[in-house]
Amino acid sequence: MGEVRVSLADHSYTIYIQAAGLKQVGRLMQEMPFSKKALIVTDANVSPLYAGILADSVATAGFIPHILVVEPGEGSKSLATADKVFTKAISIGLDRRSPIIALGGGVIGDLAGFVAATYLRGVPFIQVPTTLLAQVDSSVGGKTAVNHPLGKNLIGAFYQPQLVMIDPLVLDTLPERELKAGLAEVIKYGVIADAGFFDYLTRHADMILKRNPGVLAEVISRCCQLKAAVVAQDERETSVRMILNFGHTIAHAVEGVGGYSEYNHGEAVAIGMYGAALLSSSLGLCSTAASTAVQQLLAAMGLPLTAPGYGINELLGYLARDKKVVDSKVNWVLMQDIGRVTITQDVSEEQIRVVMSQLTRTN
Ligand code: ADP
Ligand code: ZN
């Protein structure tokens, strides 16, 4: 079905988007210069659903799959869990040409990718993302990381996979809330880079929420193409890639104030995008019609727009601490229209406060 080529300076790779693609992973591995052993890293929710199918595919192709199951959830993005993966890798004798395969959501991709980047100074890495969020976001771009008790994603590396297999059928079992979280990032691509895609999403919102496999495959391919194009221009996030941060400045503040538990990442991004849209129209960068269109699509996908009751000062405190802040200036990604954004530092605290008060209003 779909293939997206990610072209990077010296490590290009292909993302396959294929119904029942889980069964094709072994065959694709045969075309690569791998040794026999492979380590599948997954979590306790995904393992009973899909690890067997993937391991069979890998074994049938002549490899020896080992499976390591970790606890589901952000808590596993830690050095302690990474250490368990290292221990497993060493004890099964994984060598420089043995692939590590991430089967799961963003947590598993980040964790297994971090281990693949550092074990023996780097072993082959394969991504089989199973959440919509991971399929459209973390599987393209090569960011891997674990968290530190003092902050998220602080320890990691840029490390590209050899291959990514996206099987849209695995989304059938994804909890509703996780599906919607992924849709926030999907909408982001329309807003930052593709008005036609934004329209497509508006017209197909119902089919997407009903998990129509053809529509989902189309949506995933488009997002991967858009992200691949951005990442190819700016592998290490120095310039263009910043547009992928649309909605994320406020999102990180909302996640922080909520202690990373009340809203998940996608929900926080939805709130952040609504905030960024409001800020864009209030600054006169885009029309009210454009910011309203963003609001309506987010609402149609069942995403939250506001974080009622959150403290404005607390949110502002988090803005200043965001990792993307350079020289204590926030780089705001703001809309000029649907499909077009600009980056500016020229936003006053007063303007931010006005938007924050809209986002935190309790009625
Ligand atoms: P994300 O991709 O959103 O960063 P996680 O890796 O934390 O997130 O995955 C979100 C949750 O969904 C986890 O509890 C994970 O075990 C579960 N999960 C992942 N993929 C699937 C799937 N295809 N079906 C059912 N549950 C899944
Ligand atoms: Zn995000």
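Everything discussed here concerns the structure shown above.
Residues numbered from 1 in each chain as written. Chains lettered and ligands numbered in written order. Predicted model: local features only at pLDDT ≥ 70, side-chain atom pairs only at ≥ 80, totals over all residues. Heavy atoms only, no water.

### Let's talk about the site of ligand 1
Taken together, the neighbourhood of ligand 1 is formed by 17 residues, with Asp43, Gly106, Thr130, Thr131 and Thr173 sitting nearest. Asparagine 45 places a side-chain nitrogen or oxygen 2.9 Å from an oxygen atom of ligand 1. Within the backbone of glycine 106, an N or O atom sits 2.6 Å from an oxygen atom of ligand 1. Those elements giving two or more residues to the shell around ligand 1 turn out to be α2 (46–60) and α4 (106–118). In terms of residue count, α2 provides more of the shell around ligand 1 than any other element does, three residues in total. (Near = heavy atom within 4 Å. Polar contact = N/O pair within 3.5 Å; in protein donor to acceptor, adjacent residues only side chain to side chain. Helix = DSSP H or I, 4+ residues; strand = E, 2+ residues; numbered from the N terminus.)

### Points about the nonpolar core
If you look at the biggest cluster of nonpolar residues, it comprises 82 residues, and the most contacted ones within it are Ile15 and Ile187. Top contributing element to this core by residue count: helix α8 (residues 213–233), with 11 residues. In this structure, isoleucine 15 is in contact with Gly2, Glu3, Val4, Val6, Val140, Val164, Ile166 and Cys224, ignoring residues within four places of it in sequence. Ranked by size, the runner-up nonpolar core spans 23 residues in total, among them Ile40, Val58, Leu163 and Met165. (Core = buried A, V, L, I, M, F, W, Y, C linked by side-chain atoms within 4.5 Å. Buried < 20%, exposed > 50% of the residue type's maximum accessible area, 1.4 Å probe, protein only. Contact = heavy atoms within 4.5 Å.)

### Let's talk about the packing of aromatic side chains
A complete count under the given rule lists two aromatic pairs for this structure. Judged by centre distance (6.5 Å) and plane angle (15 degrees), the ring pair of phenylalanine 197 and tyrosine 200 falls under stacked. Placement of both phenylalanine 197 and tyrosine 200 in helix α7 (residues 195–209) is noted, with a separation of three residues, approximately one turn of the helix. Neither residue differs from the other here; phenylalanine 197 and tyrosine 200 are each classed as buried. Each ring, one from tyrosine 263 and one from tyrosine 310, has its centre 5.8 Å from the other, and the planes form 55 degrees; the classification is tilted. Taken together, the positions of tyrosine 263 in the loop between α9 (248–257) and α10 (265–282) and tyrosine 310 in the loop between α11 (288–300) and α12 (312–321) put the pair 47 residues apart, joining distant regions of the chain. Classification of tyrosine 263 as buried rests on a relative accessible area of 13%. Taking the ring centre of phenylalanine 63 as reference, the NZ or CZ of lysine 36 above it sits at 5.4 Å. The ring of tyrosine 189 carries lysine 188 above its face, with NZ or CZ at 5.2 Å from the centroid. (Phe/Tyr/Trp six-rings, centres within 6.5 Å; stacked < 30°, edge-to-face > 60°. Lys NZ or Arg CZ within 6 Å of the ring centre and 35° of its normal.)

### Overview of the sheet that holds strand β6 (residues 125–129)
Strand order in the open sheet formed by seven strands is β1-β2-β9-β6-β5-β3-β4, and the pairing between neighbours is mixed. The open sheet is flanked by β1 (2–6) and β4 (64–70), the only strands paired with a single partner. Put simply, the sheet's adjacent strands are angled 15 degrees from each other on average, direction ignored. Pairing of strand β5 (residues 100–104) with β6, which is carried by five bridges, proceeds in the parallel orientation. Within β6, the position partnered with isoleucine 100 by the bridge is phenylalanine 125. Against the sheet, α2 makes contact with β3 (37–43), β4, β5 and β6, and its axis sits at roughly 165 degrees relative to β3, the strand it touches most. Contacts from α8 reach β1, β2 (13–17) and β9 (163–166), with the element oriented near 10 degrees to β1. (Pairing = 2+ DSSP bridges. Axes fitted to C-alpha atoms, helices over the stretch in contact; angles between N-to-C directions.)

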